[in-house]
Structures are given as C-alpha cells and as structure tokens.
Amino acid sequence: MRISACGAYIPSEVLTNFDLEKIVDTSDKWITERTGIKERRIEKDKSTSFMAFEAVKNLLKNFKNPKEILENTLGIIVATSTPDYLFPSTACIVQGELIKEYKLDNPPQVCFDVLAACSGFIYSLYNAYNLLKNSEKKYFIVIGSERYSKIVNWEDRSTCILFGDGAGAVLLEKTEKDHFLAFDIGSDGRQKHLLYVPCVGQDSEKNYFLKMKGNEVFKIAVRTLEKSILNVLKKANVSPEEISYVIPHQANIRILKLVSERTKIPLEKFFINIEKFGNTSAASIPLALKEAWDKNLIKKDDLVVFTAFGGGFTWGSTLIRF
Ligand code: COA
C-alpha cells in the first residue's frame, strides 16, 4: 500500500491577521507570536463537498485515464467536521459528482464520512488502508475537507483567529510492497468539554459555534502528539534521526516546536505551512502533503510521519516509507 498521488483545493479568499484586527480585539503581533498564523483561506460561497470534489479532480489530473482509476477505486472517505449535511455524507455527494463528471459505469462503492475532528485524515487513512487490504480493487480515495469559517464564532477572538478552510485528497494504491510501516490511533472521550461543537437541536446550548479551552487543549495536544509519534516509531523500530519529514496537523507553531523538542526530531524536519492556512482541521495534513509533494521535498525511500490531534480527544500517527 502506498500514497500514489495527491490533490488540493485552496479557496481564493485570503483573510489576514490585519483583516482580523478589524473584526475582533486582536493584533497581528499577538496571533503571529502565539500561533504562527499570518493568514488563512475562507470559502464564502462553496460547500465542503464542492471543495472535496475539486481536490479529487486536482488529484486525478495526475492520470491520463481518470475514469479507469475511479472504476478501480473501492471507495471514498471524507474526513470532515463541517459536512454539508449530516446525511447524505459528503463522500456520497462527491461520489455522485464524480459519476457525472467522469461518466462512471462502475463507481467507488464504499463512501462515507469520518468525524474525528483534526485527526480525521489519519483515522480515514487507517480505515481506507484496512478496507483496501481486503478488497479486489486497487485504489481508495481519502479526502480531508473543512469549512470551519462556518462554525467558528467571529466574535470570539480566542478561536476565530485559528481556523481556515480548504481541502486535500490522496489516492491510496494497493502495491506489493507495503509502504505503511505503522499506525498509532487513539481516543479519550473523558474531556469532551474542552473542545466541542454542539449539534443543532442541542437545547442546552445558546449557540452552535466551536468552543475551546485553548490553554488546556494545548498542553494535552503536546503530550499526546509526542507520545503518538514515539509510539509509531517504536512499532516500526525506527529512530527519530532516521525521519526525513514530519507532516503534522497544523494547529499552533508553539505546539509543533514543543513536540519537536520532546521527540528530538528537529523542527526543520517538520513541514509547516500554518502561516498561510491556519488550522484547517482534517484538511491540514493532505494540504501540507500536497505542498511538500509539489516542491519535490519527499524523495523515494524517505521516512515520513503524519501526526494529528483533535477534538474527542482523538489522535493518530502513521509512518510511511515513500
Ligand atoms: N488576541 C489577543 N489576545 C488574545 C487573543 C487574541 N486573538 N485570544 C486570547 N487572548 C488573550 C486572552 O484573553 C488572555 O488574556 P488575559 O491574560 O488578559 O486573560 C491571553 O491572551 C492569554 O490567553 P490564553 O488562552 O492563555 O492564550 P494561549 O497562549 O494559550 O493561546 C491559543 C491561545 C488558542 C492560541 C492556544 O491555547 C492554542 O493554540 N491552543 C490549542 C489549540 C488547538 O490546538 N486546538 C485544536 C486542537 S487540533
């Protein structure tokens, strides 16, 4: 199994820290120093499923015959906390659009969303990896697509400055050699009050925006990411010095600096693009991967760790030999 292609959709509208200064009581200096974020993208008009579909179309540009790829694809998973609907799933909507766009006779069949907040992409990879292993088909499409601009409270300076919109997609391909060396996946639902988004219909809630106790989440994120990265290295018997890149979920530059110190993987090996996109939740790893891929940073045989932490709490890491 390996990742054989990736794609992305990046909304065109840029919201800078200076723009945010006009909306809430904040400053470019505070946001930059406390988070590493300079700007983020906002998708005003289009839905999460639209962004996901565009990311897949972008991915399929890598192939001469996209129809053939799609007809040999077992399914589609969309990792998202901001779906268009509770149902149909975002993945089903994307599948419907792909059938129309590529005139598919035999479309991907196993289509569903995964809701694991910022860890959703790793959870989805883990699901797709295991489903594809036991199938006759050759491919699986895994997408992270998020539109947090719709669920943050634009009057709450402690959260609205953090998030952005976007989508990334990867093609998982069954190969003779398994390039996935290990997964580490976990969850702990005991502290759900620290980070949550109420569902419409929850009578006890005054609004349905994201709520977070940032400071407490920060500390748990650092400890959990450290542990998860070290777990995945241990499982594969690989040392921190052997790692070429870490492609982390992009939540806060200070979290990544601390994780780098604690795991002894130098910060230069962390691929960081948080300054441009902020926290795009389940989309952040595939968006970062796409950028690293396009810049030709990841070479054959490089050992790369993906790692994420998010609401639930959930977390996950995987170690891949590219
Ligand atoms: N601009 C200016 N001041 C701000 C601010 C903003 N946007 N947001 C908060 N502040 C203020 C607070 O009101 C507080 O002021 P006080 O000391 O007068 O009470 C002060 O800054 C410090 O607040 P605190 O929440 O302790 O800041 P912090 O250093 O922890 O940074 C976060 C806040 C949200 C950036 C940080 O906690 C974080 O990134 N947490 C984890 C986020 C995360 O990973 N979430 C998703 C998991 S994937």
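Conventions used here
- Along each chain, residue indices are assigned from 1 in the same order as the chain's sequence is written.
- Two thresholds apply to this predicted model, a pLDDT of at least 70 for residue-level local features and 80 or more for giving and counting side-chain atom pairs, whereas whole-chain, interface and lining totals are computed over all residues.
- Side-chain figures throughout are based on the complete set of non-hydrogen atoms in the structure, without hydrogens or water.
- The helix and strand labels rest on DSSP assignments: H or I over at least four residues marks a helix, E over at least two residues marks a strand, and numbering proceeds from the N terminus.
- Here the globule rule reads 2.2 Å times residues to the power 0.38, and the radius of gyration is calculated from C-alpha atoms.
- Accessibility here uses a 1.4 Å probe with only protein chains present; expressed as a share of the type maximum, an area under 20% marks a residue as buried, one over 50% as exposed, and anything in between as partly exposed.
- Any Lys or Arg side-chain nitrogen found within 4 Å of a carboxyl oxygen on Asp or Glu counts as a salt bridge.
- The criterion for strand pairing is that DSSP finds at least two bridges linking the strands in question.
- Throughout, an axis means a line fitted to C-alpha atoms (over the contacting stretch in the case of helices), and angles, computed between N-to-C directions, take values from 0 to 180 degrees.
- Between two residues, a contact is recorded if the distance between any of their heavy atoms is within 4.5 Å.
- To estimate how far a helix should reach, multiply one less than its number of residues by 1.5 Å.

Caption draft 1: Quick peek at the overall build of the protein. Helices and strands together make up the secondary structure of the protein, namely 11 helices and 13 strands. Relative to the compact-globule value of 20 Å for 322 residues, the protein shows a C-alpha radius of gyration of 19 Å, a close match. Overall size of the protein, expressed as C-alpha extent along the three principal axes, is 55 × 45 × 35 Å. Burial statistics for the protein: of 322 residues in total, 57% are counted as buried.

Caption draft 2: Representation of the pattern of salt bridges in the model. Counted by the stated rule, this structure contains 16 salt bridges. The closest approach of N and O atoms between Glu-173 and Arg-2, which form a salt bridge, is 3.0 Å. Of this pair, Glu-173 sits in strand β7 (residues 165-173) while Arg-2 sits in strand β1 (residues 2-9), and the two are 171 residues apart along the sequence. Exposure remark for Glu-173: the relative accessible area of 9% places this residue in the buried category. A relative accessible area of 32% places Arg-2 in the partly exposed class. When the shortest N-O distance is used, the salt bridge between Lys-295 and Glu-291 registers 2.8 Å. In the salt-bridge network here, residues are joined through shared partners; they are Arg-2, Lys-138 and Glu-173.

Caption draft 3: Just the sheet that holds strand β5 (residues 110-114), in detail. Read from one edge to the other, the open sheet built from 5 strands follows the order β1-β7-β6-β4-β5, with strand pairing classed as mixed. Every other strand in the sheet has two partners, leaving β1 and β5 as the edge strands with one partner each. Geometrically, the sheet is characterised by an average inter-axis angle of 15° between neighbouring strands, direction not taken into account. Of the pairings in the sheet, the one linking strand β6 (residues 139-147) to β7 comprises 9 bridges and is antiparallel in character. Residue Ile-143 lies in a different strand from β7, and its bridge partner there is Ala-169. Along the sheet face, helix α5 (residues 90-102) touches β4 (73-79), β5 and β6 and points at about 130° away from the line of β4. Sheet strands touched by helix α11 (residues 284-294): β1, β6 and β7. Its angle to β1, the strand with the most contacts, is close to 105°.

Caption draft 4: Examining helix α8 (residues 214-236) more closely. With 23 residues, α8 extends 33 Å between its outermost C-alpha atoms, agreeing within 8% with the 33 Å of an ideal straight helix rising 1.5 Å per residue. Among all positions of α8, only Val-217, Phe-218, Ile-220, Ala-221, Val-222, Thr-224, Leu-225, Glu-226, Ser-228, Ile-229, Val-232 and Leu-233 are buried. Contact partners of the buried residues in α8: β8 (180-187), β9 (195-196), β10 (211-212), α9 (253-263), β12 (303-310) and β13 (314-321). Just past α8, the residue Asn-237 takes up positive phi, approximately 55°.

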